[in-house]
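# An overview of the molecular structure
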Amino acid sequence: MKPVQTAMYPEETRGVLSFGKRSRPHENIIQAVLVFCAAVSILTTLGIIVVLGTESSAFFREVSLREFLTGRSWQPSIGEFGILPLVNATLMTSLAAMLVALPLGLGVAVYLAEYASERVRETLKPILEVLSGVPTVVYGYFALTVVTPALRNLFGQDSIEVYNTLSAGLVMGVLILPLVSSMCEDALSAVPRSLREAAYAMGATKLETSVMIIVPAAFSGIAAAFILGLSRAVGETMIVALAAGAGPKLTLNPLKAAETMTGHIVRISGGDISYDSMDYRSLFAIALVLFVTTLALNMVSRSIVKKYREVYE
Amino acid sequence: MRLFQKNAAGSDRLDAVIGPGESEHALEAKDLSVFYGGFEAVKRVSIGFERKKVTALIGPSGCGKSTALRAFNRMNELISGVRTEGEVRFHGVNVYERDVDAVKVRRWIGMVFQKPNPFSKSIYENIAWGARINGYKGDFDELVENSLKQVALWDEVKDKLKESAYALSGGQQQRLCIARAVALKPEILLMDEPTSALDPLSTAKIESLLDDLKKRYTIIIVTHNMQQAGRVSDKTGFMLLGELVEYSDTKTLFFNPKDPRTENYISGRFG
Amino acid sequence: MSGSEDFAANLASRHARGDRWRLMFMLSTMLAIVFLGALILTIVDDAFGYVVMVDEVDQRSLVPDGQRLEGAGAETLRAIIDEGLSPRRYRALEREKPFDERSGADLYDIVLYEIVKPQVAETYTLFESLFERKRIVEETTRAHPDGELIFRSWASMRFLSTSLTARPLTTGVLTAVKGSLLTISITILFSFPIGIAAAIWLEEYASDSRLNRFIQVNIYNLAGVPSIIYGMLGLAIFVRGLEGFTSGSAFGASAAGEVANGRTVLSAGLTLALLILPVIIINAQEAIRAVSGSLRQSSLAVGATKWQTIWHHVLPASFDRILTGAVLAVSRAIGETAPLVVVGASTFLTQDPSGVFSKFTTLPIQIYQWTSRPQAEFRHVAAAAIIVLLALMLSLNAFAIITRNRLRKQKRFG
Ligand SMILES: Nc1ncnc2c1ncn2[C@@H]1O[C@H](COP(=O)(O)OP(=O)(O)OP(=O)(O)O)[C@@H](O)[C@H]1O
Ligand SMILES: [Mg+2]
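Since the structure is predicted, the reported quantities are computational estimates derived from the model, not experimental observations.

### A look at the overall build of chain C
The helix and strand tally for chain C stands at 17 helices and three strands. Taking 2.2 N^0.38 as the reference for a compact globule, 414 residues should give roughly 22 Å; the C-alpha atoms of chain C span a radius of gyration of 29 Å, well beyond that estimate. The dimensions of chain C, computed from C-alpha atoms along their principal axes, are 95 × 85 × 45 Å. Evaluated residue by residue, chain C yields a buried proportion of 50% over its 414 residues. By sequence separation, contacts in chain C at least 24 residues apart represent 74% of the contacts at least 6 residues apart. In the structure as shown, chain C presents an accessible area of about 19200 Å², 58% of it carried by carbon and sulfur atoms. Distance between charge centres in chain C, computed from 40 positive and 37 negative side chains, equals 11 Å.

Next up, the structure:
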């Protein structure tokens, strides 16, 4: 067995650690077990790819990719598998969510990073964390029992349906808010002190410094927060399953019911479904779209964060 | 006395009375002490800075030069746990009086930092921004050009004003930061080791600038480099352990120091 | 100096704008907190309050004058049952458990729910009940003259200790609580050791090779995969692919008469384990990284092997943080709904889950079910279940904090 290179130890201890002589059989077994455990994550990814891949390829043998991506109707019972209505609903709820989460999240971040005292910050942050720890099904309950009735009182009972994408999106915005605000706060705090000082030394007020200097300087971090938030919104399920409506519908009206990709998967798989049907396979095709979208968004967000950390370090 | 008062019936009296004659010194500290928590970093410093002169503050590392400098335009307030005692008089008003607006103080007393710190904006915007927020009424293109000319940067950047300031070299960035400060037409320029992060050539350029700049501004410069103090300053103050040990004409201080501690420092026996 | 006249005097308005925006920033923060408050208030509001009960059959018509059904003797109750129950229903109940062997309370329940059939005619929230009592009484006397107005705690000990039934008045969360606890045990059993082991390997053994960097990036990416995708994975792998194993048939176990396929507690627990594994690994890595290098060196210097160093020094030093991170992940798993719906949670269970091969439901699943019912009563039931769920999560976190503090104390004095 080759001596193990240890990246985590300082140079001078390497000699001790490359335990070629010391190494005993049971240390090797332990190490093999550890490697296997680390490999479970790779297996999980492989599992996801293989499962989504095989089931969707069975699906795409019967439905063309073109039909799937451009069809304007999703009605498995009559063989129509156009994903547009589902994607459209997902975009609408996500957009509503981001319209809530981004301005509010940025506002919270600016307040915490630039205005609040240490003590206020230490009290507020755990409260925001609680907000992100509440199970999403509870948010769904809240959307359905509080926000929707409130919206219906506001807009009139007739103009807004019991299930609608607006209510789901707004509540989802609050769910995502802590994520966006904490990422934005990180980005704002990463802006070097010297930039703040430069602005103040020119007779800028706190607002001018924060909004015109710090926020633009933290732009990439804020963009990363937005993208990650969007990814969360796209993948969020229970709120839309409860409040956005059942039944795929292509509509741009946020006051109407429409089913998102996640909402559809949950509703169909929650019912009785036979494993070898097109219904079943179509869920995996939707999941594949979902997986690819969120993965891409996450990777973009992470690479942006990595880049700005490098710039400021 | 109402110069800085924010509540003076909405009128900005300071703007009307800028000019010589109100007091002998452009800026005056009286018994100025600055505390970081319980630690007294600047100890009862009293000093007056003459108009349109360059004054250098020298002293060993950690003696409180930066802290004193930052006390003059109330920058220390941005650090939590800092307490200031004594007075800093500008146009006869103590800038630490309760109803004086720090924003206004800083606007008239500009500052240049040790490391160049341009904003993540274009070269043009770096200069125009401060003037814009402070309500500049004139022509911005002209202002940018003038400011850049004052720091001898105009010819180097006039074709790339819209480019990011980060594309400039370190020395150019520092001159940009000086231009940014003078664009506000301040009275006083505080400079905290403005050349210590720069190469000798850029340093020389900035030193030669100071001669021009002092025709318009009162300059207070902190430096580690005694040669530099000797080259650029008219008066020099020597600080040690938070105290102002000696303050006089640069020549006198360097060649005829009164205090043995000054002499020790200048002859390189410590620091 | 001519500087001053070139600049407009704008400070007052700038400060005013600054104050306005400061207020805006504060308000956004307040808004988030107000939302949390509103969420909690709504839940409490829905979990208690007046209900108007109307009996389908008048209780007084069943018992002799002057007597009450409550407290009636067993014979009286048997007589009512013999008379009032349809023969089919009678046989069904007799088959469940002979009437002769049933207790008085049992018989009373049968009379109440099979014959009297109290119905909820109207429900009110807690705040209505507290502040608008007069209106409620008036409404009730007008709309339901026979109705009885009772203050009901939807969340109660009875609710906690009763299994699932189809009726909002009699249902309880015991089935779901058992399901949640069983599922989460499986999750902990698999995700803790694997997650911590993976973190140890990544922090202590792995070199900076391309493969290891890939593993690390992969873990970060997995942490961002929507939970519903894990549900699809669990459905394909655990429920279908490993059906023989997860249904228990490979072990000859078939829970009395249940045909669970692979839709069992085991599949659910394993799915959630995969879901929280990346989070556990990332948290554990951070905990291990925080252990100082000198601790390792001094152990190695006295001749301990690498594994001995990790086992005796690194892990004990970082265990409090590892635990905190892992418990956070587990409390996320307890609240997960979507992947379990996909894996095949049962919408209705007649029997509490008793082992890993049982069909399952969990608290969030039941909340989902009850919330999506149109009847108002179920909304109150859902609120009560949410209280139970939040209490469960809270006690888990409290447990973790207490354990962590105890470990820290040991570390300091031990
Ligand atoms: N933010 C701070 N918090 C606490 N103490 C500080 C802080 N900044 C400076 N000090 C202390 O105050 C004293 C004076 O610091 P200052 O930065 O003014 O020194 P200096 O003369 O500018 O030194 P240098 O030449 O190294 O820049 C030092 O002892 C320093 O440790
Ligand atoms: Mg200094």
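### Quick look at the site of ligand 1
Residue and element names in this part refer to chain B. Near ligand 1, the surroundings consist of 13 residues, among which Ser-61, Gly-62, Lys-65, Ser-66 and Thr-67 are the closest. Between an oxygen atom of ligand 1 and a side-chain N or O atom of His-224, the distance comes to 3.3 Å. Summarising the interface, the protein chains cover 62% of the accessible area of ligand 1, which totals 630 Å² for the free molecule. Of all the secondary structure elements, the ones that give two or more residues to the shell around ligand 1 are β2 (39-49) and α2 (65-72). Looking at the shell around ligand 1 residue by residue, the class counts come to five nonpolar, six polar and two charged.

### Here we look at the domain arrangement of chain C
By a widely used convention, the size of an interface equals the accessible area lost when the partners come together. All names here are of chain C. As assigned here, chain C comprises domain 1 (50-154) and domain 2 (174-413). Computed from C-alpha coordinates alone, the two centres of domain 1 and domain 2 are separated by 43 Å. The partner domain 2 presents six residues to the five residues of domain 1 that form the contact. Contact between domain 1 and domain 2 buries roughly 450 Å² in total, counting both sides, with carbon and sulfur atoms accounting for 73%.

### Digging into the packing of helix α8 (residues 193-201) of chain A against helix α9 (residues 206-217) of chain A
Residues and elements named next belong to chain A. Orientation of α8 relative to α9, taken along the N-to-C sense of each, is 145°, at an axis distance of 10 Å. Crossing handedness for the pair α8 and α9: right-handed. Taken together, the residues of α9 that come into contact with α8 (itself represented by Leu-195, Arg-196, Ala-199 and Tyr-200) are Lys-206, Thr-209, Ile-213, Ile-214 and Ala-217. Its residues assigned to classes, the contact of α8 with α9 comprises six nonpolar, one polar and two charged.

### Brief notes about the interface of chain A and chain C
Taken together, the 84 residues of chain A in the interface contact 80 residues of chain C. Across the chain A/chain C interface, buried area totals approximately 7400 Å², and carbon plus sulfur atoms make up 75% of it. Linking chain A to chain C there are two salt bridges. Notably, a salt bridge pairs Glu55(A) with Arg240(C), separated by 3.7 Å at the nearest N-O pair. Of the residues belonging to the side of chain A that touches chain C, the class tally is 57 nonpolar, 20 polar and seven charged.

### Topic: the interface of chain A and chain B
Contacts between chain A and chain B engage 17 residues on the former and 24 residues on the latter. When chain A packs against chain B, the two sides together hide about 1700 Å² of surface, and 68% of this comes from carbon and sulfur. Area buried by chain A at its contact with chain B is led by Glu197(A), Ala201(A) and Met202(A), which between them contribute 36% of it. On inspection of chain A and its partner chain B, the count reaches one salt bridge. In this structure, the connection of chain A to chain B is made through four residue pairs in polar contact (both at pLDDT 80 or more). Residue assignment for the side of chain A that touches chain B shows that the elements contributing at least two residues are α8 and α9 of chain A. Examining the composition of the side of chain A that touches chain B, we find that eight residues originate from one element, α8(A), more than from any other. Residues of the side of chain A that touches chain B, tallied by class, amount to eleven nonpolar, three polar and three charged.

### Here's the deal with the sheet that holds strand β1 (residues 48-55) of chain C
Residues and elements named next belong to chain C. On the basis of which strands lie adjacent, the open sheet formed by three strands has the order β2-β1-β3 and antiparallel pairing. Where the open sheet ends on each side, the last strands, each with one partner, are β2 (118-123) and β3 (148-153). Averaged over all neighbouring strand pairs, the angle between strand axes comes to 45°, with direction disregarded. For β1 and β3, the ladder comprises six bridges, and the chain directions are antiparallel.

### A word on the packing of aromatic side chains
Scanning the model with the defined rule gives 24 aromatic pairs over all chains in all. Consider the rings of Phe68(A) and Trp74(A), whose centres lie 6.3 Å apart with planes at 65°: the pair is edge-to-face. There is no split in this pair, since Phe68(A) and Trp74(A) are both buried. Considering the side-chain rings of Tyr136(B) and Phe140(B), the 5.3 Å spacing of their centres and the 80° angle between planes classify their relative orientation as edge-to-face. Phe140(B) matches Tyr136(B) in its accessibility class, with the two residues each being buried. Taken together, Phe59(A), Phe60(A), Phe68(A), Trp74(A) and Phe81(A) form an aromatic cluster joined through their ring pairs.

### Focus: the environment of Gln366(C)
Residue and element names in this part refer to chain C. Here Gln-366 is to be found in helix α16 (residues 363-372). Looking at Gln-366, the relative accessible area reads 2%, which means it is buried. Non-local contacts of Gln-366, meaning those with residues more than four positions away in its chain, are made with Leu-164, Ala-176, Ser-346, Thr-347 and Thr-361.

### Things to note about the nonpolar core
With 276 residues, the main nonpolar core has Phe72(B), Leu148(B) and Leu213(B) as its most contacted residues. Here this core takes 15 residues from helix α12 (residues 265-289) of chain C, the largest share from any one element. Beyond its immediate sequence surroundings of up to four residues, Phe72(B) is in contact with Leu27(B), Ala29(B), Leu32(B), Ile47(B), Phe49(B), Val88(B), Val95(B), Val105(B), Ile109(B), Leu190(B) and Ile220(B). Core analysis: the next-biggest nonpolar cluster, separate from the first, contains 16 residues, Leu69(C), Ile80(C), Val111(C) and Ile115(C) among them.

### Observations regarding the side chain of Glu193(B)
Secondary-structure assignment places Glu193(B) in the loop between β7 (188-192) and α8 (200-213). Not counting the four nearest positions on each side in its chain, Glu193(B) is found in contact with Gln114(B), Val222(B), Thr223(B) and His224(B).

### Examining the pairing of β7(B)
All names here are of chain B. Most of β7 is tucked away: five of the five residues are buried. Across the two faces of β7 the burial is the same, with Ile-188, Leu-190 and Asp-192 and Leu-189 and Met-191 all buried. Sheet analysis places strand β6 (residues 109-112) next to β7, joined by four bridges and oriented parallel. Counterpart to Met-111 in the pairing with β7 is Leu-190. Here β7 runs beside strand β8 (residues 218-222); their pairing, made up of five bridges, is parallel. Following the sheet pairing, Asp-192 is matched in β8 by Val-222. As a crossover connection, the stretch from β7 through α8 into β8 is right-handed.

### As for the confidence of the model for chain C
Residues of chain C with pLDDT of at least 70 account for 96%, and the chain-wide mean is 87. Model confidence for the complex: the whole-complex pTM is 0.87, and ipTM, which rates the interface, is 0.89.

### Let's talk about the sheet that holds strand β9 (residues 235-240) of chain B
Residue and element names in this part refer to chain B. Strand order in the open sheet formed by six strands is β6-β7-β8-β3-β9-β10, with mixed pairing between adjacent strands. What marks the edges here is a single partner per strand, and that holds for β6 and β10 (243-249). Averaged over neighbouring strand pairs, the angle between their axes works out to 20° when direction is ignored.

### Regarding unusual backbone geometry
Although it is not a glycine, Arg44(B) adopts a positive phi angle of roughly 40°. Looking at the element boundaries, Arg44(B) is found in strand β2. Residue class for Arg44(B) comes out exposed when judged on its relative accessible area of 57%. Not every positive phi belongs to a glycine, and Lys117(C) is a case in point at roughly 50°. Within the element layout of this structure, Lys117(C) appears in the loop between α4 (104-116) and β2.

Conventions we followed
- Residues numbered from 1 in each chain as written.
- Chains lettered and ligands numbered in written order.
- Predicted model: local features only at pLDDT ≥ 70, side-chain atom pairs only at ≥ 80, totals over all residues.
- Heavy atoms only, no water.
- Helix = DSSP H or I, 4+ residues; strand = E, 2+ residues; numbered from the N terminus.
- Rg over C-alpha atoms; globule rule 2.2 N^0.38 Å.
- Buried < 20%, exposed > 50% of the residue type's maximum accessible area, 1.4 Å probe, protein only.
- Contact = heavy atoms within 4.5 Å.
- Areas by Shrake-Rupley, 256 points an atom, 1.4 Å probe, with all protein chains shown as cover.
- Lys, Arg positive; Asp, Glu negative; His and termini not counted.
- Charge placed at Lys NZ, Arg CZ, Asp CG, Glu CD.
- Near = heavy atom within 4 Å.
- Polar contact = N/O pair within 3.5 Å; in protein donor to acceptor, adjacent residues only side chain to side chain.
- Nonpolar A, V, L, I, M, F, W, Y, C, P; charged D, E, K, R; others polar.
- Domains from an automatic or database assignment.
- Buried area = accessible area lost by both parts, 1.4 Å probe.
- Axes fitted to C-alpha atoms, helices over the stretch in contact; angles between N-to-C directions.
- Left-handed = near helix turned anticlockwise from the far one by under 90°.
- Salt bridge = Lys/Arg side-chain N within 4 Å of Asp/Glu carboxyl O.
- Pairing = 2+ DSSP bridges.
- Phe/Tyr/Trp six-rings, centres within 6.5 Å; stacked < 30°, edge-to-face > 60°.
- Core = buried A, V, L, I, M, F, W, Y, C linked by side-chain atoms within 4.5 Å.
- Right-handed = clockwise from strand over helix to strand, strands pointing away.
- pLDDT = per-residue confidence, 0-100.

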